[in-house]
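# What the coordinates show
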Amino acid sequence: FPQQLLPSFFLLYLLMYLFTLLGNLLIMGTIWREHSLHTPMYLFLCALSISEILFTVAVTPRMLADMLSTHRSITFVACASQMFFSFTFGFTHSFLLMIMGYDRYVAICHPLRYNMLMSPRDCARLVSCCWAGGSVMGMMLTLIVFHLTFCGSNKIYHFACHVLALLKLACGKETASVTMGVILVCVTALMGCLFLIILSYVFIVAAILRIPSAEGRHKTFSTCVSHLTIVVVHYGFASLIYLKPKGSHSMDSNTLMATTYTVFTPFLSPIIFSLRNKELKNAIQRSFHRKFSSLSS
């Protein structure tokens, strides 16, 4: 980080970190208290909030501590743990976005079969599969990376134990093939999730266009807006960070962009769902109203 900007960015990231925790906890608490929100869509949203909290806790506190420290070092075990949790919660987040798209597809394209296809047991299985899949991906990729031999410099040019920064420190004949394998696995999994989300919305848009009234089309599409916005933010910002041309930015600016992306995207999620989801927004307002009413009485 540019030293002159450290205090400003530390305060900004700290505020965003605290807001991310409080915003997601507010969403989880509201869903828990409001019986009207005990539906598959909000179960998935609650699971998404949990994954964002855990992802943020796994990365941001260490980053904030390093910003205040003059001796920024991390042990081998702590680095491996950080990478595992980052992979696990990152992939879980993408898997949850995928099944949230499937939920909207079933609700709009097959409304009569919705209760059968999205029963509480089926929803719990889908969430469990997302967490299990994220954990398997995290464990597999972490073991592959840390199975390599590291030699020479032990300085990581990143704000965290990022996989590409670590792979640059590895040496040996298998390093190039492992690097390509890790990148291929990550891209395939994430792009696979994105493809299935896009496919869901192709069918959703086709079903919405068949609705005769403009009011009906608007009301139906409004149930998808918050999820679609999160998908665009999640994959859009990731594309700006990881798919930019090589050499187009300095190392400091690359680190700054990656750090901002890691803190900024979880920060936006509770804002988007709270503002764009009318049912959730009304439930939060009712919760605050009841809380203040009880305090005033």
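Our subject is the structure listed above.
Residues numbered from 1 in each chain as written. Predicted model: local features only at pLDDT ≥ 70, side-chain atom pairs only at ≥ 80, totals over all residues. Heavy atoms only, no water.

Turning next to the pattern of salt bridges. Inspection of the entire model under this criterion finds three salt bridges. Here Arg 286 makes a salt bridge to Glu 34, at a shortest N to O gap of 3.3 Å. Of the two residues, Arg 286 sits in helix α11 (residues 278-296) while Glu 34 sits in the loop between α1 (6-33) and α2 (40-68), which places them 252 residues apart along the sequence. For Arg 286, a relative accessible area of 36% corresponds to the partly exposed category. A relative accessible area of 7% means that Glu 34 is categorised as buried. Arg 125 is the partner of Asp 122 in a salt bridge, and the nearest nitrogen-oxygen pair spans 3.8 Å. One end of the pair is Asp 122 and the other is Arg 125, both in helix α5 (residues 120-146) and three residues apart, which spans about a single turn. Look at Asp 122 and you get partly exposed, because its relative accessible area is 23%. (Salt bridge = Lys/Arg side-chain N within 4 Å of Asp/Glu carboxyl O. Helix = DSSP H or I, 4+ residues; strand = E, 2+ residues; numbered from the N terminus. Buried < 20%, exposed > 50% of the residue type's maximum accessible area, 1.4 Å probe, protein only.)

Formed by 74 residues in total, the largest nonpolar core has its most connected members in Leu 45 and Leu 280. Element by element, the count of residues in this core is highest for helix α3 (residues 76-109), at 12 residues. Apart from the residues within four sequence positions on either side, Leu 280 is in contact with Ile 27, Thr 30, Ile 31, Leu 37, Tyr 42, Leu 45, Phe 273 and Ser 274. Among the nonpolar cores identified, the runner-up in size contains five residues, and Phe 55, Val 59, Phe 89 and Ala 160 belong to it. (Core = buried A, V, L, I, M, F, W, Y, C linked by side-chain atoms within 4.5 Å. Contact = heavy atoms within 4.5 Å.)

A separate point is empty space enclosed by the protein. Applying the stated criterion across every chain, the model contains one cavity of 30 Å³ or more. Together, Met 41, Tyr 42, Phe 44, Leu 45, Met 100, Asp 103, Arg 104, Thr 223, Ser 226, His 227, Phe 273 and Asn 277 line the largest cavity. Of all the elements in the fold, those that place two or more residues in the lining of the largest cavity are α2, α3 and α9 (225-242). With four residues, α2 is the largest single contributor of residues to the lining of the largest cavity. Here the residues of the lining of the largest cavity are counted per class, giving six nonpolar, four polar and two charged. (1 Å grid on protein atoms, 1.4 Å probe; cavity = no way out; pocket = protein on both sides within 12 Å on 5 of 7 lines; lining within 4 Å. Points joined across faces, edges and corners; volume = space filled by probe spheres on them. Nonpolar A, V, L, I, M, F, W, Y, C, P; charged D, E, K, R; others polar.)

To continue, consider the packing of α1 against α2. For the pair α1 and α2, interaxial distance at closest approach is 9 Å and the crossing angle is 155°. Viewed along their axes, α1 and α2 adopt a mutual orientation that is roughly antiparallel. Crossing geometry of α1 relative to α2 is assigned as left-handed. Class assignment for the residues of the contact of α1 with α2 results in 22 nonpolar, five polar and one charged. (Axes fitted to C-alpha atoms, helices over the stretch in contact; angles between N-to-C directions. Parallel < 35°, antiparallel > 145°, perpendicular 65-115°, else oblique. Left-handed = near helix turned anticlockwise from the far one by under 90°.)

So, about the environment of Phe 95. With respect to the secondary-structure elements, Phe 95 resides in helix α3. Under the relative-accessibility criterion, Phe 95 is labelled buried at 13%. Residues Phe 95 and Trp 131, spaced 36 residues apart in sequence, show a C-alpha to C-alpha distance of 8.3 Å. The residues touching Phe 95, leaving out its near neighbours within four places in the chain, are Cys 130, Gly 133, Gly 134, Met 137 and Cys 193.

This next bit is on the packing of α5 against helix α7 (residues 175-209). Helices that pack against each other are described as a pair by the angle of their axes relative to one another and the distance between those axes. Between α5 and α7, the least distance of the axes is 10 Å, while the angle of their chain directions is 165°. Taken together, the axis directions place α5 and α7 in an arrangement best described as roughly antiparallel. When you trace α5 past α7, the crossing you get is left-handed. In this structure, α5 uses Met 137, Met 140, Leu 141, Ile 144 and Val 145 to contact α7, whose residues at the interface are Val 178, Val 182, Val 185, Cys 186 and Ala 189. When the residues that make up the contact of α5 with α7 are grouped by side-chain class, the tally is 10 nonpolar, no polar and no charged.

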